[in-house]
Amino acid sequence: MHGSDLILLSQNEWASLGEKAARGAGYDWGHAEEFGWALAELAGMGIDGSAVLCQLLTLFETDAITVPKRLSDLNPSANRAPLCPVVTGAALCDLGDMALENGPLALGDVCYPIFLLPFLDQMSARVGRHVGAFENDRQLTTQNPDLQTGIIRIWITDMAIPKDRSVAFQRIGIQAQAFEQLKSLGMRTTVPATEQSRAAGAGAGLTDND
Amino acid sequence: MAKQLHSVSTEPVYRGADDVMRLARMGSAHPTRLSFLRIMLRGMQQQNWRFERMCFDLDAQGVGHAVYTLHGPDRSYSLVAFAHDLPDDMRSDRVIATAWDATFALFDGVPSGDDINRLSQNVPLQEAGRVSAEELTLSRANRSVRLFDHVVTALAQGRQPDAHELDQVGYLMRTTAVYGSGKFGAQDRSEIANRPELSQPFQAEMMTVWLIRQFTVDVVNHLARQRGGASAVEFAPDLARGLGVGNSTGLGMAPFLVKHPGLLHAWASVREEALTRVRGVEHVSAQQRDDLCQALRDAIHNAEHWSSESPYMAEKLPQLRRDLAAVSAYLDTWPTAQSAHPWDDLWRWASDHLSSEGQEAVLSLMLEPHGDLIDGLADCLSFPETVAPAIQGAQTVQQLRDFIADTYDWALAYDFKSQSGTARFWYVSEEKLEPRLGSRHTEDGSDRENPLGIAWQVSQLWDQLCDMPASLSIAEVLLSHPQHRQIVRRIQSLRGCDYGEIRENLLADDILPIDMMRYKLAYFGASRFDPRSDKWVRISLFAGLPYPTDIGNFDARL
């Protein structure tokens, strides 16, 4: 596109961008896939999550985020950095009904919880009930801007009001700076070339006249 | 699907994944009537599509653009082609190339002047440009230096090109990439997969290549006229018919089969279902026998003209020719009058007497006469793919262990403690994002490897699970050991998809990526598979088949 136009990514590109950036930042491939999926899901809802993702990955690299490693981490805890919304969301999906067997689940502080919401949609589909995120008695939705700006103390329950799903998918633009930052992180999943690898690794010669 | 049993019953059973999903057999795959390009051509014929050259604006040097449109019952699709003047020393089939003889986009509809203008600023740049949701594919092609000029010169001088030369190369131009599925801004597959004409796999890509084929013939005719003026003649249709569009494919295609196991299962199970249905047929009509014999003649002809200097084909090709001759002899006395399952007789004979190459060729032959019985299976070739985090967290360690022991026993049989078990690693290069294969123990970079060593991952998961309490939930295992998340999701999501895994250790140093590429290319409908190394191949698409200008007059039984 011309220089001044927004870059409109395809769903595939959103997912690939998020996956590679998360992997480049150090998440395992399984979680990286879920980062990509969540970024693409948000784009499908008309939300450019790229800048938030950059923040999230920076927090991860500086150990300023808690990656839950056991069930007890999915509860509030003092003296702990806020929870990673993607790893938390993925764990909740894995648990499904088990997460809510004791009723509403308080998670504690979750960072940039906009990234939690796609997982709660997925969890709802799994358990057959509407699972939503709340701060006190306020149900959190993608319309709340504070989900993209910081930390919210969250509890989840399956008595949420279902979201309106009538919006059709439309491509949105991605913020240029965040795009570059995520691509740069993604490049860490590649291997710098050497003369040897360039010649031997992919098979063809450097010119193809035949 | 039932595993292959040693049984005295004459009822056919499905071939098992242990047989079918090994690279020795996958690397012997032949195109069938269920290949993607055959499906597209049948659709063109049955739905009465129409071809229209909207514009052909090339100068005397052959530089310019053209628009070719296919009109279907509900929608139109247009190839927007840009022809360039490429110096010979810049011609490269590698992903790292920056210029090409021709570049293309498949536009969703009929492009306006503004669309063409926008595309002219992006398509020639390929990966360095952007296309939009109005484009379905982005591709490029290079000339065969050997054949292209020979054809133009001959036509310009008023004669047809040499048949032997045409045969040796087989194409005027070869594509070096055909991107779809949302790449570089193109439309996502999910947005178009509901359209009947695009619901089967790679239909937009097949349309693209088919239109490119027409373009290549039009370009040589144009250049011949420019060069020869009144003396020039048009390329004879019966000669042009034998040419396909070449395709130069490297390593990047091989990981596709590993990354899309659900799709792989769909493709393989359609093939096996088709074979099993035909084996169950109890009679042979005169028409079916004729069709079979014609298909055999075509296969023998193809094998005679199929040339490759590759050592990988040095034994396979002569073996194929011998096997096809043996089939010909066998058919002299087939079917026997008393046989209850004559097609099964043919199959069993092939299984007992022919190489893998010959057997897979016979599979293709057997499918040809049975369009009515199997063409509907084309609808089963797709697989809904989502990367939704759908892990079954409630499964226990014991349950998953049992499942792995049952369905991934092949993966657990490899020795990953030895260096040779993990000799290789798959990765993407920083430079131009080109997929490559590295040697783990002698090169840097394995810390950035792509997770394609499925058997190794299964083995590592198995070791982990053996170390954990049997009743622990997988959700808890993955919280504390997230490195297994991807493989667990894969294993769980492939329950029931017996053919979803390539049953090999893809990290071993005797793996031939070209076996994986041949398999996928056979599903495309590629003929004349010609490896240029163990990681790079040339093939041809649409050779011997009709052109877009032939729609409405398709003479071949597709």
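Just above, that's the structure.
My aim in this report is to walk through the structure given alongside it, one point at a time.

Procedures and definitions
Residues numbered from 1 in each chain as written. Chains lettered and ligands numbered in written order. Predicted model: local features only at pLDDT ≥ 70, side-chain atom pairs only at ≥ 80, totals over all residues. Heavy atoms only, no water. Helix = DSSP H or I, 4+ residues; strand = E, 2+ residues; numbered from the N terminus. Expected span 1.5 Å × (residues − 1). Buried < 20%, exposed > 50% of the residue type's maximum accessible area, 1.4 Å probe, protein only. Pairing = 2+ DSSP bridges. Axes fitted to C-alpha atoms, helices over the stretch in contact; angles between N-to-C directions. Contact = heavy atoms within 4.5 Å. Parallel < 35°, antiparallel > 145°, perpendicular 65-115°, else oblique. Left-handed = near helix turned anticlockwise from the far one by under 90°. Nonpolar A, V, L, I, M, F, W, Y, C, P; charged D, E, K, R; others polar. Buried area = accessible area lost by both parts, 1.4 Å probe. Salt bridge = Lys/Arg side-chain N within 4 Å of Asp/Glu carboxyl O. Polar contact = N/O pair within 3.5 Å; in protein donor to acceptor, adjacent residues only side chain to side chain. Disulfide = S-S within 2.5 Å.

### A few points about helix α10 (residues 261–279) of chain B
Along an α-helix, residues three or four apart share an orientation, since each turn contains 3.6 residues. An ideal rise of 1.5 Å per residue puts 27 Å on 19 residues; α10 of chain B measures up with 27 Å between its terminal C-alpha atoms. The buried fraction of α10 of chain B amounts to 18 of the 19 residues, a majority that puts the element mostly inside the structure.

### Comments concerning the sheet that holds strand β2 (residues 105–111) of chain A
Residues and elements named next belong to chain A. Strand order in the open sheet formed by four strands is β2-β5-β3-β4, and the pairing between neighbours is antiparallel. Each edge of the sheet is formed by a strand with only one pairing partner; in this case those strands are β2 and β4 (138–140). Direction aside, the axes of adjacent strands within the sheet are offset by 40 degrees on average. One ladder, built from six bridges, connects β2 with strand β5 (residues 151–157); its direction is antiparallel. Among the inter-strand pairings, Asp-109 is bridged to a residue of β5, identified as Arg-153. Of the strands in this sheet, β3 (132–135), β4 and β5 touch helix α5 (residues 117–127), which is tilted by about 130 degrees from β3.

### Some thoughts on the packing of α10 of chain B against helix α14 (residues 356–367) of chain B
Residue and element names in this part refer to chain B. The geometry of α10 relative to α14 is characterised by a closest axis approach of 10 Å and an angle of 65 degrees between their N-to-C directions. Between α10 and α14, the crossing angle belongs to the class labelled roughly perpendicular. Our pair here, α10 against α14, has a crossing hand that is left-handed. Each of Arg-271, Ala-274, Leu-275, Val-278 and Arg-279 in α10 lies in contact with α14, whose residues at this interface are Glu-360, Leu-363, Met-366 and Leu-367. Looking at the contact of α10 with α14 residue by residue, the classes come out as six nonpolar, no polar and three charged.

### Examining the interface of chain A and chain B
Contacts between the two partners involve 53 residues from chain A and, on the opposite side, 72 residues from chain B. Taken over both partners, the interface formed by chain A and chain B buries close to 5,000 Å², and the fraction arising from carbon and sulfur atoms is 50%. Where chain A packs against chain B, one counts six salt bridges. We note a salt bridge from Arg-485 of chain B to Glu-34 of chain A, for which the minimum N-O separation is 2.8 Å. Where chain A packs against chain B, one counts 24 residue pairs in polar contact (both at pLDDT 80 or more). Counting residues per element, the ones that place at least two in the side of chain A that touches chain B are β1 (7–8), α1 (11–25), α2 (29–44), α4 (85–95), α5 and α7 (195–200) of chain A. For the side of chain A that touches chain B, the element with the highest residue contribution is α2 of chain A, accounting for six residues. Residue composition of the side of chain A that touches chain B, by class: 23 nonpolar, 16 polar and 14 charged.

### A look at the state of the cysteines
Counting across every chain of the model gives zero disulfides over all chains. Counting only cysteine sulfurs, Cys-84 of chain A is the nearest neighbor of Cys-93 of chain A, a cysteine outside any disulfide, at a range of 13 Å.

### Details of the side chain of Ser-533 of chain B
All names here are of chain B. Structurally, Ser-533 can be placed in the loop between β10 (527–531) and β11 (537–541). Residue classification places Ser-533 among the buried positions, given a relative accessible area of 18%. At a separation of 2.9 Å, a polar atom in the side chain of Ser-533 contacts the main-chain amide nitrogen of Lys-535. Looking at Ser-533, its side chain comes within polar contact range of the main-chain nitrogen of Trp-536, at 3.3 Å.

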